[in-house]
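Fold and geometry: a report
Below are the chains, spelled out letter by letter.
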Amino acid sequence: MGTSTGTRPQDSKSPPPHRKMTILDGLKKEPVIRVQRLSHYYGSGDNKKQILFDIDLDIRPGELVIMTGPSGSGKSTLLSLIGALRTVQEGSLRVMGHELNQMTPSQLVQYRRDIGFIFQMHNLFESLTAMENVKMSLQLKKVPRTEKRDQAGHILNRLGLEERIHYKPESLSGGQRQRVAVARALATRPRVILADEPTAALDKESGKTVVEMLRELCETNDSTVLLITHDNRILDFADRIVNMVDGRIVSNVLVAESVAICEFLIKSNLFANLAASTLTDIAQKMELEIVSAGKWVIRQGDPGDKFYLIRKGITDVVVRSGAETKKVATLGEGNFFGEAALLTGEPRNASVLAKEETVLYSLDKENFQMAIDSSKTFKEQLLNAFYQRQ
Amino acid sequence: MRTRLDKVPIAWANLTHNHKNLANALAGITFAVLLMFMQVGFLNSLLDSTVQFLKILDGDLFLISKQTASTSDNEEPFARARVFQARRFPGVLQAHYVHLDRKFWKNTENHLKKNIRVVAIDPDVPVFLDPEINSQLEDLKKDDVVLVDRLSKKHFGPITKGVRTEIEDRMFSVVGNFTLGTDFGHSGTVIMSDKNFLNLFKDEDELNAERKRVELGLIKIDPATNLQRIQEDMRKEFAQDLLVLTREEIIAMERYYWLEGTPVGFVFGLGTVMGFIVGTIICYQVLFTDILNRLQQFATIKAIGYSNRYLVGTVVRQSLILAVLGFLPGLLLSQVIYHIISRLLHLPMNLGEVQVILVLGLTLVMSAGSGLIAARKILDADPAELF
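Predicted model, so just to flag it, every value in this text is computed and none were measured.

The helix and strand inventory of chain B stands at 13 helices and eleven strands. At 29 Å, chain B has a C-alpha radius of gyration far larger than the 21 Å of a compact globule built from 387 residues. A principal-axis box enclosing the C-alpha atoms of chain B has dimensions of 95 × 55 × 40 Å. Among the 387 residues that make up chain B, the fraction classed as buried is 43%. The long-range share in chain B, meaning contacts at least 24 apart out of those at least 6 apart in sequence, stands at 80%.

In structure tokens form, the structure reads like this:
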């Protein structure tokens, strides 16, 4: 049989939390932000300097994405391009269905109204109260008067500013000002939220409240959050962590999914002894595939090109022998298959059929080989596991 | 329903946020408004004062020499016979003459001689509309007597009834006073009979010449006749040497002369423009500084979806609020100063609706203009710099 199981099909002990499933569901959706071959330059002539290099990035509805990277790595430039605060020079940037470089200036102004901006410097209007500053964003949405007041009051209360709603920024602490700025950005429940160090000026509790609100908007409003931070306290809230260095994305990790993949892998005998870093590397290199019910994932006799892990769904393993076709196993969440053909170099020895819509992670032959080569133990374990099944 | 009142009053909030800055801004605008009111007031006063003499004369048509551009500045003589000729026109009830001249009045206290306007008339004919003057015409028939404008400048010394002084080295007695006021060409006025006036000329040739000439002719028309037709007829008859003007025309001519024919009108006009410019600069400075201080804040609301138009509109609203708030104290202060000047200088300083509307208009244009210029800075607010 050309398949193996890391865990027993119906024995997954880690019920996927609601959040993870939301992301998983979100992964099936069209990206709300699609960045393709995006490059950006500052200056001109001899002073022209490339800041972003062929960036590709898909972010789906409901994702909370944290961007990290050293200063000058291009994070802020990318954020300002997505926010239509700069003009796209090269490549494609599609947000909420709008191709940004095809929009007129007035359309871009309208587009920005659907985005929640949180800036590192709060930049509140010093002449307006906390309530009025929040109303400034609601005003753009043509919210009725009483609703405007209620919404502004509600969000300020959530952020612990109920005693300060009629205070002007000069009478607020740095943290309180930043919370008002957060309230201004989130009051309209925007579909996309772009934030630059939103928790930098906040204490632990306030920072947590802000990130929980962002998280809540992702889950209840399908909002997408893209935030730059160096605050390690909030990394746990990320669905995806994108690391940029020198204008390039050097890693793009779907955190929750990566953790889920690692959990599945580590529960198997095959991968149990691998170091966490190796598992993470493998998880990062795996690609998401969604196969509809009734479709074949692999076919017996085909050359082996990928290794598969079932993230969600049920599949049948079918072996054809002469005219006879026999189902030999049913695989579910956490099971993997396809490694035999990769290890032996022989064609697939079984077919796998999706019984329902199935979400899979695949690792191509090259990366599978690299994973094996990187760990002798892994290779031995894999071979042992394989030969034990012969 | 959503109305403008629902909106966050950002222009008002920006303006009133810093009370000290607001007070400075308002003081600046008020000063500019005051400056404009003063200039407009002086100009208006100049124009009013130069025609106030014409306004007390009783005539439907006025005869002046073609060489005369102003009855208060360069009155030129014409043949007295023309006035008698005018009497022959059908519909003319009366035609009388007035001598206008300047003579030296001796201050009885310091003995300094100052130029004073002399208006000489035939006291048998009431050529004035002012009842106070007309009631004293009988006194003017005496030898060497005058009526003196009680609003004449103080440098003429005592001018009340009973004062005796020299006019052109001839002793005169003041037999009464009237109220006229000074203008930019005359510090004082006396009225005397034509007989006494001619006595001032010692040179025989000069006297003979003066007998035959006058500076102003006043014609009263029968109300039942057509004024325009008589005016046309006279114009044809006197086309060679005279202008025949209605009351409105001669007043307009006088105002035009001071406004356009002398640098005085230009100077006050320039003063108004200077007030406008000063106000524009003050208003611009206030708004520009405010924008500069809030550039990041403006950039932020630009980022979240407010248009440049909204931001520029906010600054213009700020400027218009400043204009109105600065105009009101400027108006009040101007009224006080007008009153003081009027009392001190005996100039007709009147604050009319036209002046108020003019200065309000200038203030609004000044503020809105400076707001628009300052608002250009908002276009520099780059939200891209916020990240």
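When helices and strands are tallied, chain A shows twelve helices and 19 strands. A buried classification covers 46% of the 390 residues belonging to chain A.

The next thing to look at is the interface of chain B and chain A. Often, the extent of an interface is quoted as the loss of accessible area upon association of its parts. Facing the 20 residues of chain B at the interface are 27 residues of chain A. Those elements giving two or more residues to the side of chain B that touches chain A turn out to be α1 (10-17) and α11 (295-303) of chain B. Counting residues per element, the side of chain B that touches chain A draws most heavily on α11 of chain B, which supplies five residues. Split into classes, the residues belonging to the side of chain B that touches chain A amount to ten nonpolar, seven polar and three charged.

This part is about helix α9 (residues 276-285) of chain A. Among the residues of α9 of chain A, those classed as buried are Leu 279, Ile 282 and Ala 283 of chain A. When α9 of chain A is viewed along its axis, its buried side chains cluster within an angular range of 100° and face the same direction.

All names here are of chain B. Splitting chain B by domain gives domain 1 (7-51 + 263-386) and domain 2 (67-240). Of note, the centres of domain 1 and domain 2, computed from C-alpha atoms alone, are 47 Å apart. Between domain 1 and domain 2, the residue contacts involve seven residues of the former and seven residues of the latter. In terms of residues, the side of domain 1 that touches domain 2 owes the most to one element, helix α2 (residues 19-55), which gives three residues. Class assignment of the residues belonging to the side of domain 1 that touches domain 2 gives a composition of four nonpolar, three polar and no charged.

On to the sheet that holds strand β11 (residues 248-254) of chain A, then. All names here are of chain A. Strand order in the open sheet made by the six strands is β7-β8-β9-β4-β10-β11, with mixed pairing throughout. The sheet is open, and its two edges are formed by β7 (115-118) and β11, each paired on a single side. If you compare each strand with its neighbour and ignore which way they point, the axes differ by 15° on average. Relative to strand β9 (residues 224-228), strand β4 (residues 64-68) is paired through four bridges, and the arrangement is parallel. The partner of Leu 64 across the bridge, within β9, is Val 225. Packing of helix α6 (residues 174-186) onto the sheet brings it into contact with β7 and β8 (192-196), and relative to β7 it is tilted by some 170°.

Residue and element names in this part refer to chain A. Relative to the assigned elements, Asp 54 resides in strand β3 (residues 49-59). Taking the C-beta count within 10 Å as the criterion, Asp 54 has 15 such neighbours and is therefore assigned partly exposed. Setting aside residues no more than four positions away along its own chain, Asp 54 makes contact with Arg 37 and Ser 39.

It is worth spelling out the sheet that holds strand β13 (residues 296-298) of chain A at this point. All names here are of chain A. If you trace the four strands from one edge of the open sheet to the other, you get β13-β18-β15-β16, paired in antiparallel fashion. For this open sheet the edge positions go to β13 and β16 (324-331), each flanked by a neighbour on one side alone. Sheet twist, expressed as the mean angle between neighbouring strand axes with direction ignored, is 30°. Relative to strand β18 (residues 351-354), β13 is paired through two bridges, and the arrangement is antiparallel. Its bridge partner lying in β18, Trp 296 is registered against Leu 353.

Residues and elements named next belong to chain B. With their axes 10 Å apart at the nearest point, α2 and helix α13 (residues 353-375) run at an angle of 145° to one another. For the element pair α2 and α13, the recorded crossing hand is right-handed. Counting all contacts with α2, which are made through Ala 32, Val 33, Met 36, Phe 37, Val 40, Gly 41 and Asn 44, the residues of α13 involved are Gln 355, Leu 358, Val 359, Leu 362, Thr 363 and Met 366. For the contact of α2 with α13, the residue count by class is nine nonpolar, four polar and no charged.

Here we come to the pairing of strand β14 (residues 306-312) of chain A. Residue and element names in this part refer to chain A. Taken across its seven residues, β14 has six buried, putting it largely inside the fold. Here β14 runs beside strand β19 (residues 358-364); their pairing, made up of six bridges, is antiparallel. For Leu 309, the partnering residue across the bridge sits in β19 and is Tyr 361. As paired strands, β14 and strand β17 (residues 336-337) are joined by two bridges and run antiparallel to one another. By the bridge assignment, Leu 309 is partnered in β17 with Phe 336.

Here chain A averages 84 in pLDDT, while 87% of its residues score no lower than 70. Throughout residues 1-22 of chain A the model reports pLDDT below 50, and contacts reaching past four residues in sequence, or to other chains, amount to 57 contacts.

Residues and elements named next belong to chain A. Relative to the elements of secondary structure, Arg 240 occurs in strand β10 (residues 240-245). Sequence-wise, Arg 240 and Phe 336 are 96 residues apart; in three dimensions their C-alpha atoms are separated by 24 Å. If near-sequence neighbours (up to four positions away) are discounted, Arg 240 is found in contact with Glu 63, Val 65, Asn 252, Val 253, Leu 254 and Val 255.

Another point: the packing of helix α4 (residues 130-140) of chain A against α6 of chain A. Residues and elements named next belong to chain A. Between α4 and α6, the least distance of the axes is 7 Å, while the angle of their chain directions is 30°. For the element pair α4 / α6, the angle class is roughly parallel. Viewed along their axes, α4 and α6 form a crossing whose handedness is right-handed. Across from Ala 130, Asn 133, Val 134, Met 136 and Ser 137 in α4, the residues of α6 making contact are Val 180, Ala 183 and Arg 184.

A few words on the nonpolar core. Counting 200 residues, the largest nonpolar core has Val 134 of chain A together with Val 98 and Val 146 of chain B as its most contacted members. Among the elements that make up this core, the one with the highest residue count is α2 of chain B (16 residues). In terms of domain composition, this core takes at least three residues from each of domain 1 (7-51 + 263-386) and domain 2 (67-240) of chain B. Sequence-distant contacts of Val 146 of chain B, defined by excluding residues within four places in its chain, comprise Ile 167, Phe 172, Val 174, Val 175, Val 190, Ile 191 and Met 192 of chain B.

Attention now moves to the confidence of the model for chain B. All names here are of chain B. For chain B, per-residue confidence averages 90 on the pLDDT scale, and residues scoring 70 or more make up 98% of the total. Below pLDDT 50 for its whole length, residues 1-5 participates in three contacts with residues either more than four positions away or in separate chains. Model confidence for the complex is summarised by a pTM of 0.71, with the ipTM given as 0.72.

How each quantity is defined
Residues numbered from 1 in each chain as written. Chains lettered and ligands numbered in written order. Predicted model: local features only at pLDDT ≥ 70, side-chain atom pairs only at ≥ 80, totals over all residues. Helix = DSSP H or I, 4+ residues; strand = E, 2+ residues; numbered from the N terminus. Rg over C-alpha atoms; globule rule 2.2 N^0.38 Å. Buried ≥ 20, exposed ≤ 12 C-beta atoms within 10 Å, placed from the backbone. Contact = placed C-beta atoms within 7 Å. Nonpolar A, V, L, I, M, F, W, Y, C, P; charged D, E, K, R; others polar. Arc of directions from axis to C-beta. Domains from an automatic or database assignment. Pairing = 2+ DSSP bridges. Axes fitted to C-alpha atoms, helices over the stretch in contact; angles between N-to-C directions. Left-handed = near helix turned anticlockwise from the far one by under 90°. pLDDT = per-residue confidence, 0-100. Parallel < 35°, antiparallel > 145°, perpendicular 65-115°, else oblique. Core = buried A, V, L, I, M, F, W, Y, C linked by C-beta atoms within 7 Å.

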